[in-house]
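This is what each chain is made of:
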Amino acid sequence: MASTRTLSDPTLENQNASPPEFFDFDETGSSDRFELNRTRSSSFHARPNSPSTPNRSRATSFWDPKVKRRKVAKAWYSRKRVKWVVVLIGLVALFFFVNWIMLSRLQDHGVVSKARISKNSSSDSVSVSEKWRKNGKGKRPQKGIYGRMLALAAHALAEGVNKREPKDLWQEPFVPASAWRPCADQRNWEPSEGNNGYILVTANGGINQQRVAVCNVVMVARLLNSTLVIPRFLYSNVWRDASQFSDIYQEEHFINYLTPDIRIVKELPEDLRSLDLEAIGSVVTDEDIMKEAKPSFFLKKILPILFKNRVVHFVGFGNRLASDPIPIQLQRLRCRCNFYALQFVPKIQETGSLLLQRLRQHADHPGLLDRYLIGPSPESTKKKSSSHAKKASRYLALHLRFEIDMVAHSLCEFGGGEDERQELEAYREIHFPALTLIKKTTKLPPPEELRSEGLCPLTPEEAILMLAALGFKRKTHIFVAGSQIYGGQSRLAALTSLYPNLVTKEKLLSSTELEPFLNFSSQLAALDFIGCTAADAFAMTDSGSQFSSLVSGYRIYYGGGKMPTIRPNKRRLAAIFLKNNTIEWRVFEQRMRKAVRQHN
């Protein structure tokens, strides 16, 4: 009979041997009954007429201690297995979290490859230098330590779309500049005959240092009553530009304009060309002249050489003439050279004109300084602009003095860690060996102290935060000079997220238009000079930069107080940026505007 089927039936035992995991093992459940019946003797039979409840009640009297231990062990194992599952899930979650942090840091800080440099091979040094000069080399942190501040700036710019800019934003902060008027074209002397011999100069550095050297040597030629030979430019492994004077400046204009001041020739007389100038002691290097030397030095030390050998050759001549004290007429001559005699060649002027047109979105009205930079406008343009002139688009020019040579020479650190330190040290060993030697033999201030003293160049992130704090709106058109910044285009990309209308000459000019200048960094720098000098506002990031000083001087000299220049005090800015992790945006704005107004 079905009702007399024993609990020891093999079929039933097999069915109950391994109860499913989802069974709930409590005392009232059917699983308990299965376990109980399996432990009873096979001689016991279910009574057919007995109700199930009394039968279950009697069954509880037959519990075996082994069964209890087995049930407890199984329950303990289930709980243990759950704990292990939780631990495993936690470990997996921790693994993904750590990977997310590492990927975020890589995205923020970039990946810097270590430069492999061979000191004994000049060809290797050139190839390494070329790598450093590429835009994509050594991607530096796009956000770095300023991620929080950049996020606050983005929020403030988004909220300020409909707000008005500060009323003095596009005005010259240096009030006395509005009262100054050009006067360097005034002459109160007779032309110099240049009877005391000839002066040669081979100027080193880039276009800005060379320009300063040319104006200084013009003044020295007048001071010593000597004849100046058209200047030459020294080839530099840093700039790698073979341009000479006539490739950048109009040679005939230079000679003719300065004829009332000094005598200028294109080359030495034939009898002097064959001389070994070094052998006769006529070569004077920067080691022979102190920096910022006074006129008296040249009268005492250089004039006797001219009298003896009839020729002196200055090699380098970087910053070798003081600014003060200089007699007013000689000072005017130096300014006359800079503001009038040095005019760019037509090739640079024409491309510079294209650059300005596109910066102003093809407006017909010329800027205040255009004729001094790119020459007079054609008559057709003047007639067109007088009849129906399109309003020019206002733009801000920003000079990012953050090329690798500046970054390496500063001895500062910029958030790139050990990879950055090794890369910059390798660059110094090749291009600044004297600085490397000083660094090894002299205890120098740590990078933190250099930054607090305002001796470090502003990073692109710091510069763009300064502009946002000053009140320049998100839609402002910004022209960036010095676009070969350390870190490359990836670093500029972080800035365009705040200011999408940020452009460089490489973006505004076609590859065909830029092709004649590609291997000539000084000529490319001349285009940047035009774009910055003609801007409605100019922001420098390093007051010690000769480029910024020349641009600022041009704007003050010809601008009549209408060409504003932002001159940040880096020491004051360093104190503000030091609190970038805690400072609120409103406080940052207030302190930044005050620091820029107090630029001295």
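Please refer to the structure higher up on the page.
All values derive from a computational prediction rather than experimental measurement.

> Would you mind showing me how to read the overall build of the chain here?
Per the secondary structure count, the chain includes 27 helices and 11 strands. By the burial criterion, 46% of the 600 residues in the chain qualify as buried. Across the chain, every contact between residues at least 6 apart in sequence was considered, and the portion connecting residues at least 24 apart equals 78%. Total accessible area on the chain stands at roughly 31800 Å², and carbon and sulfur atoms take up 55% of it.

> I'm lost on the pattern of salt bridges in this one. Help?
Between side chains of opposite charge, a pair can form when the charged atoms approach closely. One pass over the structure, following the stated rule, counts 25 salt bridges. The partner of R320 in a salt bridge is D286, and the shortest N-O contact between them spans 3.8 Å. Taken together, the positions of R320 in the loop between strand 6 (311–316) and helix 12 (328–341) and D286 in the loop between strand 5 (283–285) and helix 11 (295–309) put the pair 34 residues apart, joining distant regions of the chain. Classification of R320 as buried rests on a relative accessible area of 9%.

> Explain helix 21 (residues 489–496) here, please?
Count 3.6 residues to each turn of an α-helix, and residues three or four apart come out pointing the same way. Burial in helix 21 covers these residues: S490, R491, L492, A494 and L495. The secondary structure elements touched by the buried residues of helix 21 are helix 20 (460–470), strand 8 (477–481) and strand 9 (502–503).

> For this particular structure, what's the right way to read the environment of F588?
Mapping F588 onto the fold places it in helix 27 (residues 585–597). Accessibility expressed as a relative area gives 1% for F588, which makes it buried. C-alpha separation for the pair F588 and M149, spaced 439 residues apart in sequence, amounts to 9.3 Å.

> Help me understand the packing of helix 6 (residues 147–159) against helix 20, please; the structure alone is not making it clear to me.
The axes of two packed helices give the description: the angle between them and the distance between them. Packing of helix 6 against helix 20 leaves a shortest axis separation of 10 Å and a crossing angle of 30 degrees. Here helix 20 runs roughly parallel to helix 6, going by the angle between their axes. In this structure, the crossing between helix 6 and helix 20 has a hand that is left-handed. Contact residues: M149, L150, A153 and L157 in helix 6; E461, I464, L465 and A468 in helix 20.

> Teacher, can you tell me more about unusual backbone geometry here?
Excluding glycine, residues mostly carry a negative phi; peptide bonds, for their part, are mostly trans. The amide bond that connects D324 to the next residue, P325, takes the cis arrangement and shows omega of -10 degrees. For P325, the position within the fold is in the loop between strand 6 and helix 12. Although it is not a glycine, N225 adopts a positive phi angle of roughly 50 degrees. The topology assignment puts N225 in the loop between helix 7 (207–223) and strand 2 (227–229). A positive phi angle, near 55 degrees, is found at E292, a position not held by glycine. Tracing the backbone through its elements, the reader meets E292 in the loop between strand 5 and helix 11.

> Just to check I follow, could you spell out the pairing of strand 1 (residues 198–203) for this structure?
Successive side chains on a regular strand alternate, one facing one side of the sheet and the next facing the other. Burial within strand 1 is extensive, with 6 of its 6 residues counted as buried. Neither face of strand 1 is left uncovered, since the one carrying Y198, L200 and T202 and the one carrying I199, V201 and A203 both have all their residues buried. Sheet topology places strand 1 next to strand 2; 2 bridges connect them, and they run parallel. Bridge pairing links I199 to L228 in strand 2. For the crossover that starts at strand 1, traverses helix 7 and ends in the parallel strand 2, the hand is right-handed. Where strand 1 lies against strand 6, 6 bridges are found, and the strand directions are parallel.

> Which parts of the structure should I look at to understand the environment of R310?
Checked against the element boundaries, R310 lands in the loop between helix 11 and strand 6. With a relative accessible area of 38%, R310 lands in the partly exposed category. Sequence separation between R310 and G197 is 113 residues; the distance between their C-alpha atoms is 4.3 Å. Once residues within four sequence positions are removed from consideration, R310 is found in contact with G197, Y198, D271, L272 and I305.

> Got a minute to help me understand the pairing of strand 6 in this structure?
In terms of residue burial, strand 6 counts as a mostly covered element, since 5 of its 6 residues are buried. Where strand 5 and strand 6 come together, 3 bridges link them in parallel fashion. Bridging from a neighbouring strand, V283 pairs with H313 of strand 6. On the question of chirality, the crossover connecting strand 5 to the parallel strand 6 by way of helix 11 is right-handed.

> Would you explain a positive patch on the surface in this entry?
A contiguous patch of positive charge on the surface is contributed by R572, K579, R591, K594 and R597. Take the positive patch: its biggest share by element is 3 residues, from helix 27. Relative to the assigned elements, R597 resides in helix 27.

> What's the story with the nonpolar core in this structure? I'm lost.
One recurring pattern in soluble globular proteins: nonpolar side chains tend to sit buried together. By size, the foremost hydrophobic cluster in this structure holds 83 residues, and its most contacted members are F254, F298 and F314. No other element matches the 9 residues that helix 7 contributes to this core. Both domain 1 (146–172 + 348–376 + 392–402 + 457–597) and domain 2 (198–341) contribute no fewer than three residues apiece to this core. Apart from the residues within four sequence positions on either side, F298 is in contact with V220, L223, L224, I289, A293, L303, F314, F317, R320 and L321. With 55 residues, the next largest nonpolar core counts M149, L400, M466 and L492 among its residues.

> Can you walk me through the packing of aromatic side chains in this structure?
The description of two aromatic rings rests on the distance between their centres and on the angle between their planes. The full count for this structure, using the stated rule, is 27 aromatic pairs. Note on F344 and F529: the rings are 6.0 Å apart at their centroids and 75 degrees apart in plane angle, and the pair reads as edge-to-face. With F344 in the loop between helix 12 and helix 13 (346–359) and F529 in helix 24 (residues 521–533), this residue pair connects regions lying 185 residues apart in the sequence. Residue class for F344 comes out buried when judged on its relative accessible area of 4%. Judged by its relative accessible area of 3%, F529 falls in the buried class. Here Y554 and Y558 contribute two aromatic rings whose centre-to-centre distance is 5.5 Å and whose plane-to-plane angle is 50 degrees, an arrangement assigned as tilted. Placement of the pair is Y554 and Y558 together in helix 25 (residues 546–559), with a separation of 4 residues, close to one helical turn. Over the ring of Y257 we find R187, and its NZ or CZ is 5.0 Å from the ring centre. Directly above the aromatic system of F529 lies the positively charged group of R211, at a separation of 5.4 Å from the ring centroid.

What counts, and at which threshold
Residues numbered from 1 in each chain as written. Predicted model: local features only at pLDDT ≥ 70, side-chain atom pairs only at ≥ 80, totals over all residues. Heavy atoms only, no water. Helix = DSSP H or I, 4+ residues; strand = E, 2+ residues; numbered from the N terminus. Buried < 20%, exposed > 50% of the residue type's maximum accessible area, 1.4 Å probe, protein only. Contact = heavy atoms within 4.5 Å. Areas by Shrake-Rupley, 256 points an atom, 1.4 Å probe, with all protein chains shown as cover. Salt bridge = Lys/Arg side-chain N within 4 Å of Asp/Glu carboxyl O. Axes fitted to C-alpha atoms, helices over the stretch in contact; angles between N-to-C directions. Parallel < 35°, antiparallel > 145°, perpendicular 65-115°, else oblique. Left-handed = near helix turned anticlockwise from the far one by under 90°. Pairing = 2+ DSSP bridges. Right-handed = clockwise from strand over helix to strand, strands pointing away. Patch = residues over 30% accessible without salt bridge, like charges linked within 9 Å, V, L, I, M, F, W, Y side chains within 5 Å. Lys, Arg positive; Asp, Glu negative; His and termini not counted. Charge placed at Lys NZ, Arg CZ, Asp CG, Glu CD. Core = buried A, V, L, I, M, F, W, Y, C linked by side-chain atoms within 4.5 Å. Domains from an automatic or database assignment. Phe/Tyr/Trp six-rings, centres within 6.5 Å; stacked < 30°, edge-to-face > 60°. Lys NZ or Arg CZ within 6 Å of the ring centre and 35° of its normal.

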